[in-house]
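A closer look at the structure
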Amino acid sequence: MTNLISFAVNHPVLIYILFLILIGTGIYLIFNLPIDYFPDISFPTISIITAYPGANPYDVEKLVTTEIEDGLSMVKGVKEITSISMENYSTVTVRFDWGTNIDQAANDVRSALDFASAFLPDEAEKPYILKLDVSMAPILVLGAKTERTDINLLSIIDNVFSEELTRIEGVGNVTVFGGGKLEQINVLVDKTKLDNYGIPLTQISEAISGANVTLPAGEVEKQRQRFRVRLPGELNKIEEIESVPIGAVGNQLVKVRDVAEVEDGHAKQQSVVRIESKPGIVFAVTKTTGSNTVQVANAVKKKLKELKERYPYIDTSIYDDGSQLIKQSIYNLATTVLFAAILVILISLILLGRFDSGVIIGLTIPVSLIVAFIFLHLRGNTINLVSLSSLAIAVGMVVDNAIVVLENIFHHRQKGEPKQQAAIFGGQEVGQAILASTTTTAAIFFPLIAVKGLLGVMFNQLAWIVPIVLFTSLFASLTLTPTLSTHILRYRRDKKPSWLEKTVHSSFDRLGSFYSSIINWAIHHRAVIVLLAFIFLVGGIFAYTQLKMEYMPEEDVDFIRGTLKMPVNSPLWVTDSVAKQIEKEVRERVPELERLACRVGAARGGWSSVFGEIQGPHTADFFIGLKPRDKRERSSFEIAADLNRYFGKRLGVEELNFSASQGGGPMMGEQAVTVELLGDNIPLTDSLAKRIAKFTQKIPGAQRVSVSRKSEAEEIQFIPDREKMNHYGLPMGQVAGLLRASLYGQTATTIK
């Protein structure tokens, strides 16, 4: 340590250059590091989503979910497997221990799925895998609408907007939540004509599928040349589909046009979206892991302006902007850190009583703090609430070492020692003490590195940044502070103290006298001091028990989400009519309203089931955008609570909730408290769940109490008579396929 101080004092140019490089690098990285709300968090969770169109939850559970769960049982390291089976979709979630190599786990899951897929129904689509992390949360939720009826808005969003936005650096995915009409060619069969020809319905699908084939047939050689042979047999026009032969009756060849009408139409609508009470589409933009949320969001907004010039008849609006919350939070916290640093410098200047001493102390703050940004860059981290909070914690500590060293150097100067000698001896005398002090303070944070689970991931940056900043301040106090003291610190014995020095010294003298009197009184009244200490201890423990606890503080965001659940048998149009009434009353009830969108039905692709949401024709979501906080009197929480009180149960719906939080639990929309019931007896677990929910609703402060498993939807069952089927030679699979094709329809082929 002695050699370090001596080297620094004797090589001032090198020391200044070293710290200038550190400051320059740190400043550059401040403006180039990604900005996010939280640190990058990859959950040890993998979800498998499988679409089974037209299937009810029971069939999805039996034919898809169970098969996938059985296949995943062979994957090593699995901690828990949970599943959600809902109409048309199966979602199986596999949880591993924290610290598991999730990429390797995903490969193991993919291999298990390849085996399990062989046992899935033919109508089930190929399962796809999602690795859950914070970047999956949308950074922008957007709405699109148009007044024109001669265009397909969904096709433009899917094929133009999505592709253009996906090309932006940092954009991970563009997902359409719902709305619009999906284009498809419909073959509308006339059942009477079909029966007259005696042709089964499934034969039409088989004929169209067989007519839409492109096949490489091989190769032939002719003289000295080789030619590839290909059969381009794809269907390209409606007329070609109409001309496809489906069978023969006597000498008459029956074609599709003889028994059906072929139209260029749309698929059955699975969801309805309204943007400001007009038909539209809601879609979301997610970012890639590690990219700058604010920069990506700004780039998306810029691209939307360009697309507006190309498509002036399409209006897009932003309903939830995650980058705004990040900018506001990061700006507020960064401003707090800046003002804290300025306040520390001013207080140091006043208490030291010398301007030159204040300058030296002030220079150690930016040097120490800026090194943290270099550390973030080297680890590939982001500037977020945790990293800035770490700096806010450390900003008051970084000057301690410099003050101790500088005061001791000044003491040596007062004794008449030369500048360099005072700098070296002054630093040497207190070097061991400040090393011990810094190490013990930093040691408090190191145990956080060993914490496992979500808390360990969240506060890992805190566990590293504070000690790094403290040890940087130690290094600066032993090198930069002595070096600066030889050039900046001025002291002359014959010079009279300034008014500031006189004021500070007299204040400290009075404070010292007051402190001495207190100590003297305390020594002679030890029982009173012990009693007071005991009272404060007990009072502190009591106050701790009365404090409210939560995982993350809630923020007043400019966004409210509403969820509506009707009885499970409710068709889409019934849910839509109730949703329209709610929209109308929300507009009348919320003067702070700025934007309003509604989606009725399930989100496209079943993505919502990844976050534990069960959706279908009986559900609806409301996206309520509010005015900025400074332009409204009520907070978003107050508005949400008012809507919940206003609607209550008066609409006769099963469930209607409005929430202003960005997720009830720590991440990804979990409830604050979740009670899990495990058991094979479904009626018994249903009864227990309802009793627990009823009891929980009576607890003060409990809101949004719900049971995840809903009552089964009523259904019509076709009970087969196996004796008659065997008599006529009808296989069960053929009857089931014909029934499904007659009611739900059947995808014959895909035309590219």
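Predicted model, so just to flag it, every value in this text is computed and none were measured.

Tallying secondary structure elements over the protein gives 24 helices and 19 strands in all. For 752 residues, the compact-globule estimate of 2.2 N^0.38 gives 27 Å, and the C-alpha radius of gyration of the protein, at 35 Å, exceeds that figure by more than 25%. When the accessible area of the protein is evaluated, it comes to approximately 42,400 Å², of which 58% is carbon and sulfur surface. In the protein, which carries 75 positive and 79 negative side-chain charges, the distance between the mean positions of the two groups comes to 7 Å.

A word on helix H7 (residues 201-211). Along H7, the residues that are buried comprise Leu201, Thr202, Ile204, Ser205, Ala207 and Ile208. Buried residues along H7 sit against strand S7 (183-189), helix H6 (191-197), helix H8 (238-242), strand S10 (245-249), helix H9 (256-259) and helix H24 (732-743).

Attention now moves to the nonpolar core. Among the nonpolar cores identified, the biggest contains 60 residues, and Ile365, Leu369, Leu376, Leu391, Ile465, Val469 and Leu480 are the most heavily contacted of them. With ten residues, the single largest contributor to this core is helix H12 (residues 355-378). Non-local contacts of Leu369, meaning those with residues more than four positions away in its chain, are made with Val337, Leu391, Val395, Val398 and Val469. Of all hydrophobic cores here, the second largest spans 26 residues; its members include Val578, Ala579, Val590 and Ile624.

We now examine the packing of helix H5 (residues 153-166) against helix H10 (residues 293-310). The contact between H5 and H10 brings their axes to 10 Å, and the two run at 145°. Crossing of H5 against H10: the hand is right-handed. Across from Val160, Phe161, Glu164 and Leu165 in H5, the residues of H10 making contact are Val300, Lys303, Leu304, Leu307 and Arg310. The residue inventory of the contact of H5 with H10, partitioned by class, reads six nonpolar, no polar and three charged.

Within the chain, Glu276 stands out as a residue other than glycine whose phi angle is a positive 50°. Structurally, Glu276 is set in the loop between strand S13 (271-275) and strand S14 (278-287). The class for Glu276 is partly exposed, based on a relative accessible area of 24%. One non-glycine residue, Ser277, adopts positive backbone phi at about 70°.

With antiparallel pairing, the four strands of this open sheet are ordered in space as S2-S3-S1-S4. Each edge of the sheet is formed by a strand with only one pairing partner; in this case those strands are strand S2 (78-86) and strand S4 (128-133). Recorded for the sheet is a direction-independent mean angle of 20° between the axes of neighbouring strands. Across the sheet, helix H4 (residues 102-116) lies against strand S1 (42-51), strand S3 (89-96) and S4, angled at about 20° from S1, the strand it touches most.

Mapped onto the elements, Lys145 comes out in strand S5 (residues 140-146). Setting aside anything within four residues of it in sequence, one finds Lys145 in contact with Leu153, Ile275, Glu276, Pro279, Gly280, Tyr313, Ile314 and Asp315.

Bringing the environment of Ser85 into the picture now. Residue position: Ser85 is located in strand S2. Expressed as a C-alpha distance, the spacing of Ser85 and Glu183, which sit 98 residues apart in the sequence, is 27 Å. Excluding its chain neighbours within four sequence positions, the residues that come into contact with Ser85 are Pro57, Val60, Glu61 and Thr65. Within the local environment of Ser85, its side chain forms a polar contact with the side chain of Glu61, the two groups lying 2.9 Å apart. Looking at Ser85, its side chain comes within polar contact range of the side chain of Thr65, at 2.7 Å.

On the surface, a cluster of nonpolar side chains totalling about 1,100 Å² of accessible area is made up of Trp521, Val528, Ile529, Leu531, Leu532, Phe534, Ile535, Phe536, Leu537, Val538 and Ile541. Residue contributions to the nonpolar patch peak at ten residues, all from helix H19 (residues 526-546). Here Val528 shows up in helix H19. The class of Val528 is partly exposed, set by a relative accessible area of 37%.

Here we come to the packing of aromatic side chains. In total, this model carries ten aromatic pairs according to the counting rule given. Pairing Phe647 with Phe658 gives two aromatic rings, centres 5.7 Å apart and planes at 25°, and the pair type is stacked. Remark: Phe658 occurs in strand S19 (residues 655-659) and Phe647 occurs in helix H21 (residues 636-647); sequence separation between them is eleven residues. Members of the aromatic cluster, connected to one another through ring pairs, are Phe622, Tyr646, Phe647 and Phe658.

Following the criterion strictly, the structure yields 24 salt bridges and no others. The shortest N-O distance in the salt bridge between Asp558 and Arg632 comes to 2.6 Å. Pair noted here: Asp558 is in the loop between H19 and strand S16 (559-565) and Arg632 is in the loop between strand S18 (619-626) and H21, with a separation of 74 residues, a long-range link. Here Asp558 falls in the partly exposed class, since its relative accessible area comes to 29%. When salt bridges with common partners are traced through the structure, they connect Glu163, Glu164, Arg167, Lys303, Glu306 and Arg310 into a single cluster.

Definitions and limits used
- Residue numbers run consecutively from 1 along every chain, following the written order of its sequence.
- In keeping with the model being predicted, local features are shown solely for residues with a pLDDT of at least 70 and side-chain atom pairs are shown and tallied solely at 80 or more, while totals for entire chains, interfaces and linings include all residues.
- Neither water nor hydrogens contribute to the side-chain values; these are computed over all heavy atoms in the structure.
- A helix here means a DSSP run of H or I that spans at least four residues, while a strand means a run of E at least two residues long, and both kinds are numbered starting from the N terminus.
- This radius of gyration counts C-alpha atoms alone. The globule rule is 2.2 Å times how many residues there are, raised to the power 0.38.
- Computed with the Shrake-Rupley method and a 1.4 Å probe, the accessible areas treat only the protein chains shown as cover for residues.
- None of His or the chain ends enter the tally, which takes Lys and Arg as positive and Asp and Glu as negative.
- The atom standing in for a charge is NZ when the residue is Lys, CZ when it is Arg, CG when it is Asp and CD when it is Glu.
- In this scheme, a residue with accessible area under 20% of its type's maximum is buried, one over 50% is exposed, and one in between is partly exposed, where area comes from a 1.4 Å probe on protein chains only.
- In what follows, residue pairs with any heavy atoms lying within 4.5 Å of each other are defined as contacts.
- Put simply, buried Ala, Val, Leu, Ile, Met, Phe, Trp, Tyr and Cys residues joined by side-chain atoms within 4.5 Å make one nonpolar core.
- Lines fitted to the C-alpha atoms define the axes, with helices restricted to the stretch that makes contact. Angles between their N-to-C directions range from 0 to 180 degrees.
- By the definition used in this description, the sense in which the near helix is turned from the far one sets the handedness, with an anticlockwise turn below a right angle giving left-handed and a clockwise turn giving right-handed.
- We call Asp, Glu, Lys and Arg charged. Ala, Val, Leu, Ile, Met, Phe, Trp, Tyr, Cys and Pro are nonpolar, and the rest, Gly among them, are polar.
- At least two DSSP bridges between two strands are needed for those strands to be called paired.
- Polar contacts, as used here, are pairs of N or O atoms within 3.5 Å; protein pairs need one atom able to donate a hydrogen and one able to accept it. Residues neighboring in sequence count only if both atoms are side-chain atoms.
- Patch criteria: residues need more than 30% relative accessible area and no salt bridge. Like-charged residues are merged within 9 Å; nonpolar side chains of Val, Leu, Ile, Met, Phe, Trp and Tyr are merged within 5 Å.
- The term salt bridge refers to a side-chain nitrogen of Lys or Arg lying within 4 Å of a carboxyl oxygen of Asp or Glu.
- When the centres of two rings from Phe, Tyr and Trp lie within 6.5 Å, Trp using its six-membered ring, the rings pair. Their planes under 30 degrees apart give stacked, over 60 give edge-to-face, and anything left gives tilted.

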